[in-house]
Amino acid sequence: MPKFRKEEKEAIRECLLSKGKELFIQYGLKKTSLDDIVAACGIAKGSFYSFFATKEELYFEIAKREESFKDKLLADMLSSELPPKVLLHELFRTSFETIDANPFLQRVFRQDEWEQLVRKLPQETLQQHAEEDTRAAQRLFEKWQGQGAMLPLEHEVVAGLLRAVVFVSLHKAELGGVYGRVVELLIRFVVNGLTASDADGTGEGQ
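Residues numbered from 1 in each chain as written. Predicted model: local features only at pLDDT ≥ 70, side-chain atom pairs only at ≥ 80, totals over all residues. Heavy atoms only, no water.

## Describing helix α9 (residues 123–146)
Move 1: Here α9 contains 24 residues, and its C-alpha end-to-end distance of 33 Å stays within 8% of the 34 Å for a straight helix at 1.5 Å per residue.
Move 2: In the structure, α9 departs most strongly from a straight axis at Gln-138, where the bend amounts to approximately 35°.
Move 3: Residues of α9 that are buried include every one of Leu-126, His-129, Asp-133, Thr-134, Ala-137, Leu-140, Phe-141 and Trp-144, and no others.
Move 4: On its buried face, α9 is in contact with α4 (55–66), α5 (69–79), α6 (84–101), α8 (113–120) and α10 (155–166).
Move 5: Positive backbone phi, at 75°, marks Gly-148, one or two positions downstream of α9. (Helix = DSSP H or I, 4+ residues; strand = E, 2+ residues; numbered from the N terminus. Expected span 1.5 Å × (residues − 1). Bend = angle between axes of the 7 residues up to and from the residue. Buried < 20%, exposed > 50% of the residue type's maximum accessible area, 1.4 Å probe, protein only. Contact = heavy atoms within 4.5 Å.)

## Points about the UniProt feature "DNA-binding region" (unreviewed entry) in the protein chain
Move 1: Annotation from UniProt places "DNA-binding region" (unreviewed entry) at residues 33–52.
Move 2: Annotated as 60% helix and 0% strand, the span residues 33–52 places its first and last C-alpha atoms 14 Å apart. (UniProt positions renumbered as here; feature names shortened; annotations may be inferred.)

## Some points on the UniProt feature "domain: HTH tetR-type" (unreviewed entry) in the protein chain
Move 1: Under the local residue numbering, the UniProt record ascribes the feature "domain: HTH tetR-type" (unreviewed entry) to residues 10–70.
Move 2: Helix makes up 79% of residues 10–70 and strand 0%, with an end-to-end C-alpha separation of 24 Å.

## Observations regarding the state of the cysteines
Move 1: Counted under the stated rule, the structure contains 1 disulfide.
Move 2: Paired through a disulfide, Cys-15 and Cys-41 show a sulfur-sulfur distance of 2.3 Å. On the sign convention where negative means left-handed, the S-S torsion of about -110° between Cys-15 and Cys-41 marks this disulfide as left-handed. Here Cys-15, found in helix α1 (residues 6–31), pairs with Cys-41, found in helix α2 (residues 34–41); they are 26 residues apart in sequence, far enough to count as distant.
Move 3: Using a relative accessible area of 16% as the deciding quantity, one classes Cys-41 as buried. (Disulfide = S-S within 2.5 Å.)

## Details of the packing of α6 against α10
Move 1: Contact pair α6 / α10: the axes reach a minimum separation of 10 Å and the direction vectors enclose 40°. One finds that α6 runs oblique with respect to α10. In the packing of α6 onto α10, the handedness of the crossing is right-handed. Facing α6, whose interface residues are Leu-91, Phe-92, Ser-95, Phe-96 and Ile-99, α10 presents Leu-162, Val-165 and Val-166.
Move 2: Here the contact of α6 with α10 is composed, by residue class, of 7 nonpolar, 1 polar and no charged. (Axes fitted to C-alpha atoms, helices over the stretch in contact; angles between N-to-C directions. Parallel < 35°, antiparallel > 145°, perpendicular 65-115°, else oblique. Left-handed = near helix turned anticlockwise from the far one by under 90°. Nonpolar A, V, L, I, M, F, W, Y, C, P; charged D, E, K, R; others polar.)

## Considerations on the nonpolar core
Note that soluble globular proteins tend to have their nonpolar side chains buried in a common cluster.
Move 1: Counting 53 residues, the largest nonpolar core has Leu-16, Leu-58 and Phe-92 as the members making the most contacts within it.
Move 2: For this core, the leading source of residues is α1, giving 7 residues.
Move 3: When neighbours within four sequence positions are excluded, Phe-92 is seen to be in contact with Leu-162, Val-165, Val-166, Ile-187, Val-190 and Val-191. (Core = buried A, V, L, I, M, F, W, Y, C linked by side-chain atoms within 4.5 Å.)

## A few points about the confidence of the model for the protein chain
Move 1: Counting all residues, the mean pLDDT for the protein chain is 86, and 93% of those residues have values of 70 or more.
Move 2: Here α10 stands out as the element of the protein chain with the lowest mean pLDDT, 81, in contrast to α2, whose mean of 97 is the highest.
Move 3: Every residue in residues 198–206 scores below 50 in pLDDT, and together they form 10 contacts with partners more than four places removed in sequence or on other chains. (pLDDT = per-residue confidence, 0-100.)

Structure below.
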């Protein structure tokens, strides 16, 4: 297995992530070959395995990077004094808007590539990612539940519900012209259902 200096390793890894993203956007996960990826970075195929075991692992790492906006958003929400209902609406809306504006995430969520990824990745990798997502949201949900502003559900259930709603973006094509309205109603219904009351004054317009 080839050895690289620290600077070389960082540069090659960044190249794999950036060039891999470009190729996956253009051709998709299935049609992008490992040969395409290593050629774009000017490395041998054997060198690729110093960084990732498969192209699916590279794809998954890119997906996590593209979803990193959630970490900052959750951290900002944790320190915010705005009502939970307002913040939950912001979390949902930002998630949907980011997917709509990001061609890589559009592939992940809308072109059956997530199903292919799930089939190829080790289950422990997917489980670890799900647990990381849950932990990121746990403190926020516990804060709101402690304030009596959210139903006393297990935080894993709440985090799973949020993921499930965002996955409606998988069906944008089938929903067609009503997609935006469906998203707005789903957000409203779920947020109203999770929060204990409408006393924060956000009302029906949120």
